[in-house]
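# Close look at the chain arrangement
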Amino acid sequence: MAHVSRRDELEGGLARVRESIAGAAADAGRDPGEVTLVVVTKFFPASDVRLLAELGVTDVGENRHQEAEAKAAECADLGLRWHFIGGLQSNKAAAVAAYADVVESVDRRKLVAPLSKGAHQCDHAVDVLLQVSLDPPDREGRSGADPADVPALAAAVEEAGLLRLRGLMAVAPLGEDPAAAFARLVEVHAGLLADHPDATWLSAGMSGDLEHAVRAGATHVRVGSAVLGSRPTNH
Ligand SMILES: *Cc1c(COP(=O)(O)O)cnc(C)c1O
């Protein structure tokens, strides 16, 4: 068998994912150009990020602060947009704002002041998505804000300097039809848009459910394993 380089693997993965996005967009009568592919590079080396940039990727996602900070520094010459998509501790939030162009996982008010402070320290604006939980309220390990808390959280982000409220992010709950979960997300988003018409971004969809998300109206999909292969551990 011919040797398949890592570049070829990534190119193949990207082509398949872009085809899925295009197919789902066509189903929904949407322009696939409305959907930004954020390639989730967590657990993969900076050399993969470099290859992805060569292959036309513009946006990458990371979920752990230390790893993200190191990779963003190593790849600073590539001009990529870095999305922080992981659980965020308030004592790390200012440091995340230093390299993240987009923080997708803002799920409580406590994060707002340190993010804004970090943005001021580096003198650059940070795009913010509010992470909404689509799980039932009693689900253990639930991450994301309760939909009822979104208006107050949105107001706090709008009031903070150098944070730009862009929209919502969510992960479909395990064991539920993703189409039903994303339909709820779209309703929450409609409520947000009524008060914040510029908060048009909707980040939803991962390797396993990106087509449902694009059909529901996602503007950003966060795709890891379908592009890069399976991660060493299940994160
Ligand atoms: C890891 C991760 C993804 C990507 O998951 P895949 O199933 O590998 O596509 C997307 N969103 C979040 C929040 C993640 O942590």
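Residues numbered from 1 in each chain as written. Predicted model: local features only at pLDDT ≥ 70, side-chain atom pairs only at ≥ 80, totals over all residues. Heavy atoms only, no water.

A count of helical and extended segments in the protein gives nine helices and eight strands. Computed over the C-alpha atoms, the radius of gyration of the protein is 17 Å, within 12% of the 18 Å expected from 2.2 N^0.38 for a compact globule of 235 residues. Referenced to the eigenvectors of the C-alpha coordinate spread, the extents of the protein come out at roughly 55 × 40 × 35 Å. Of all 235 residues assigned to the protein, the portion counted as buried reaches 47%. Pairs at least 24 residues apart make up 60% of the contacts formed inside the protein by residues separated by at least 6 positions. A total accessible area of about 10800 Å² is found for the protein, and carbon and sulfur atoms account for 50% of it. Where the 23 positive side-chain charges of the protein centre and where its 34 negative ones centre are 4 Å apart. (Helix = DSSP H or I, 4+ residues; strand = E, 2+ residues; numbered from the N terminus. Rg over C-alpha atoms; globule rule 2.2 N^0.38 Å. Buried < 20%, exposed > 50% of the residue type's maximum accessible area, 1.4 Å probe, protein only. Contact = heavy atoms within 4.5 Å. Areas by Shrake-Rupley, 256 points an atom, 1.4 Å probe, with all protein chains shown as cover. Lys, Arg positive; Asp, Glu negative; His and termini not counted. Charge placed at Lys NZ, Arg CZ, Asp CG, Glu CD.)

Inspection of the region around the ligand gives 11 residues, with K42, S207, G224, S225 and R231 positioned closest. Side-chain polar atom of R222 to a nitrogen atom of the ligand: 2.9 Å apart, as the coordinates give it. A distance of 2.7 Å separates an oxygen atom of the ligand from a polar atom in the side chain of R231. Relative to its free-state accessible area of 390 Å², the ligand is covered by the protein chains to the extent of 88%. (Near = heavy atom within 4 Å. Polar contact = N/O pair within 3.5 Å; in protein donor to acceptor, adjacent residues only side chain to side chain.)

So, on to the UniProt feature "modified residue: N6-(pyridoxal phosphate)lysine" (unreviewed entry) in the protein. As recorded in UniProt, the sites labelled "modified residue: N6-(pyridoxal phosphate)lysine" (unreviewed entry) are K42. By the secondary structure assignment, K42 is in the loop between β1 (36-40) and α2 (46-54). (UniProt positions renumbered as here; feature names shortened; annotations may be inferred.)

Turning our eyes to something else, we now look at the pairing of strand β4 (residues 102-106). Buried residues dominate β4, accounting for five of its five residues. Two elements, strand β3 (residues 81-84) and β4, share two bridges in a ladder whose sense is parallel. Paired with F84 across the two strands is V103, which belongs to β4. The parallel pair β3 and β4, bridged by helix α4 (residues 90-99), forms a crossover whose chirality is right-handed. (Pairing = 2+ DSSP bridges. Right-handed = clockwise from strand over helix to strand, strands pointing away.)

Next up on the list: the side chain of S105. By secondary structure assignment, the location of S105 is in strand β4. Only 2.6 Å separates the side chain of S105 from the backbone oxygen of G86, close enough to count as a polar contact. Setting aside residues no more than four positions away along its own chain, S105 makes contact with F84, I85, G86, L111, L129, Q131 and M169.

Quick look at the pairing of β1 now. Burial of β1 is extensive: four of the five residues sit out of reach of the surface. The sheet contact formed by β1 and strand β8 (residues 220-223) spans four bridges and is parallel. Note that in β8 the partner of L37 across the bridge is V221. Relative to strand β2 (residues 59-62), β1 is paired through three bridges, and the arrangement is parallel. Within the sheet, the bridge partner assigned to V40 lies in β2 and is G61. Read from β1 through α2 to β2, the crossover connection turns out right-handed.

With that out of the way, let us pick up the packing of aromatic side chains. Evaluation of the coordinates by the stated rule reveals zero aromatic pairs. R64 extends its terminal NZ or CZ atom over the ring of F43, reaching a point 4.2 Å from the ring centre. (Phe/Tyr/Trp six-rings, centres within 6.5 Å; stacked < 30°, edge-to-face > 60°. Lys NZ or Arg CZ within 6 Å of the ring centre and 35° of its normal.)

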